[in-house]
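Here's the letter readout for the chains.
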Amino acid sequence: MGETLSSMGLGTRLRHVLELLDGDVAKFLVDLGLTDYRPRYSPVVRALVAHGALPIRDLARETGVTHSAASQTVAQMNRAGLVTLASGADARQRIVSLTDKARDLVPILNAEWAATSEAAAQLDAELPFSLGEMITAIVDALERKSFRERIGETEQAKSLLREVRASGRQGP
């Protein structure tokens, strides 16, 4: 018998919510004729519109993702003809710029962003609390104390770590 969503782990439920949200944004983008455009590109486009060309490291910081995630997204966008990459002052540094193709999409992307923001506000109105405010509160709490620290402070984790150390086990 399958698990109900409420009995699944926190990470599984969060991924499911993200899949539902991003999946429907992607479908709306297809409705707009943007068949090769992914929702994860929008924060990159918005950051580059706001700040101009940026190194991937700065783009990661601006979009709130890891350097690796930003690099993967930029590579996909480069293959789609939405960004170009140039060498920076440091040979390892790559500078990301929007192409004319991406700049031509900005008006429709801004309108889609506004529609998505309006839909998010409608969703928030149905919830017992604001999803956006809750996500901000979660991030703030995890920046104050990581989830790893929180796990390590539990009695179950302390017991498990004592057991592993006593047995000399290091994993599989």
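Within each chain, residue numbers correspond to sequence positions counted from 1 in written order. Local features in this predicted model are restricted to residues whose pLDDT is 70 or higher, and side-chain atom pairs enter the listing and the counts only when it is 80 or higher, whereas totals over whole chains, interfaces and linings include all residues. Values reported for side chains reflect all heavy atoms of the structure, with hydrogen atoms and water molecules removed beforehand.

(A) Structural context of the packing of helix 1 (residues 10-31) against helix 5 (residues 100-126). Helix 5 packs onto helix 1 with a crossing angle of 140 degrees between their chain directions and a minimal axis gap of 12 Å. In this view, helix 1 runs oblique relative to helix 5, as classed from their interaxial angle. Once helix 1 is placed against helix 5, the crossing between them reads as right-handed. When helix 1 is examined against helix 5, the residues L21, V25, F28 and L29 are found in contact with a partner set consisting of L109, E112, T116 and L123. Residues belonging to the contact of helix 1 with helix 5 are distributed by class as follows: 6 nonpolar, 1 polar and 1 charged. Note on method: axes are straight lines fitted to C-alpha atoms, helices fitted across the in-contact stretch only, with angles between N-to-C directions ranging 0 to 180 degrees. To qualify as a helix, a DSSP run of H or I must reach at least 4 residues; to qualify as a strand, a run of E must reach at least 2; elements of each kind are numbered from the N terminus. Each angle receives one of four descriptions, namely roughly parallel if under 35 degrees, roughly antiparallel if over 145, roughly perpendicular if within 65 to 115, and oblique otherwise. Two helices cross in a left-handed way if the nearer one is turned anticlockwise from the farther one by less than a right angle. They cross in a right-handed way if the turn is clockwise. In what follows, residue pairs with any heavy atoms lying within 4.5 Å of each other are defined as contacts. Side-chain classes follow a simple rule in which Ala, Val, Leu, Ile, Met, Phe, Trp, Tyr, Cys and Pro form the nonpolar group, Asp, Glu, Lys and Arg form the charged group, and the remainder, Gly included, forms the polar group.

(B) Representation of the pairing of strand 3 (residues 94-98) in the model. Whether two strands pair depends on DSSP finding at least two bridges between them. Across 2 bridges, strand 1 (residues 54-55) lies against strand 3 in antiparallel orientation. Considered in strand 3, the bridge of P55 is made with I95. Hairpin connection, strand 2 (residues 83-87) to strand 3: the antiparallel pair is bridged by 6 residues.

(C) Inspection of helix 3 (residues 56-63) at higher detail. Within helix 3 the residues assigned to the buried category are I56, D58, L59 and A60. Those residues of helix 3 hidden inside the fold are in contact with helix 2 (42-51), strand 1, helix 4 (67-79), strand 2 and strand 3. Exposed residues in this analysis have more than 50% of their type's maximum accessible area, buried residues have under 20%, and partly exposed residues fall in between, with area computed by a 1.4 Å probe over protein chains only.

(D) View of the packing of aromatic side chains. For Phe, Tyr and Trp, where Trp contributes only its six-membered ring, two rings pair if their centres lie within 6.5 Å, and the inter-plane angle classes them as stacked under 30 degrees, edge-to-face over 60, or tilted in between. Counted by the stated rule, this structure contains 1 aromatic pair. Between Y37 and Y41 the ring centres are 5.3 Å apart and the planes differ by 85 degrees, which places this aromatic pair in the edge-to-face class. Here Y37 and Y41 have matching classes, each one buried.

(E) Quick look at the sheet that holds strand 1. Judged by pairing direction, the sheet is antiparallel, and its 3 strands sit side by side in the order 1-3-2 without closing on themselves. At either end of the open sheet lies a strand with only one pairing partner, and these are strand 1 and strand 2.

(F) Broad picture of the pattern of salt bridges. One speaks of a salt bridge when a side-chain nitrogen belonging to Lys or Arg is within 4 Å of a carboxyl oxygen belonging to Asp or Glu. Across all of its chains, the model carries 7 salt bridges by this definition. With its nearest N and O atoms 2.8 Å apart, the salt bridge here joins R92 to D90. For D90, a relative accessible area of 33% translates into the label partly exposed. Of the charged contacts, one joins K145 and E153 as a salt bridge, the two residues approaching to 3.0 Å between their closest N and O atoms. Given the relative accessible area of 27%, K145 is considered partly exposed.

(G) Just the nonpolar core, in detail. The biggest cluster of nonpolar side chains holds 24 residues, and the ones touching the most others in it are Y37, L48 and L59. Secondary structure elements with two or more residues in this core: helix 1, helix 2, helix 3, helix 4, strand 3 and helix 5. Aside from chain neighbours lying at most four places away, what touches L59 is V44, A47, L48, L54, V74 and V96. Only buried residues count toward a nonpolar core. Its members are Ala, Val, Leu, Ile, Met, Phe, Trp, Tyr and Cys residues joined through side-chain atoms within 4.5 Å.

(H) Focus on a nonpolar patch on the surface. Like-charged residues are merged into a patch within 9 Å and nonpolar side chains (Val, Leu, Ile, Met, Phe, Trp, Tyr) within 5 Å, provided each residue has over 30% relative accessible area and no salt bridge. A 1.4 Å probe and the Shrake-Rupley method give the accessible areas. Residues count as covered only by the protein chains that appear here. A surface patch of nonpolar side chains, about 730 Å² in accessible area, is lined by L10, L14, F129, M134, I138, L142, F147 and I151. Sorting the residues of the nonpolar patch by element identifies helix 1, helix 6 (131-144) and helix 7 (147-152) as the ones contributing at least two each. Looking at which element gives the most residues to the nonpolar patch, the answer is helix 6, with 3 residues. On the secondary structure map, L14 appears in helix 1. Its relative accessible area of 51% is what places L14 among the exposed residues.

(I) Just the packing of helix 3 against helix 4, in detail. Interhelical geometry of helix 3 versus helix 4 gives an angle of 105 degrees and a closest axis separation of 8 Å. Taken together, the axis directions place helix 3 and helix 4 in an arrangement best described as roughly perpendicular. Every residue of helix 4 that contacts helix 3 at I56, R57, L59 and A60 is listed here: H67, A70, S71 and V74. Of the residues contributing to the contact of helix 3 with helix 4, the split by class is 5 nonpolar, 2 polar and 1 charged.

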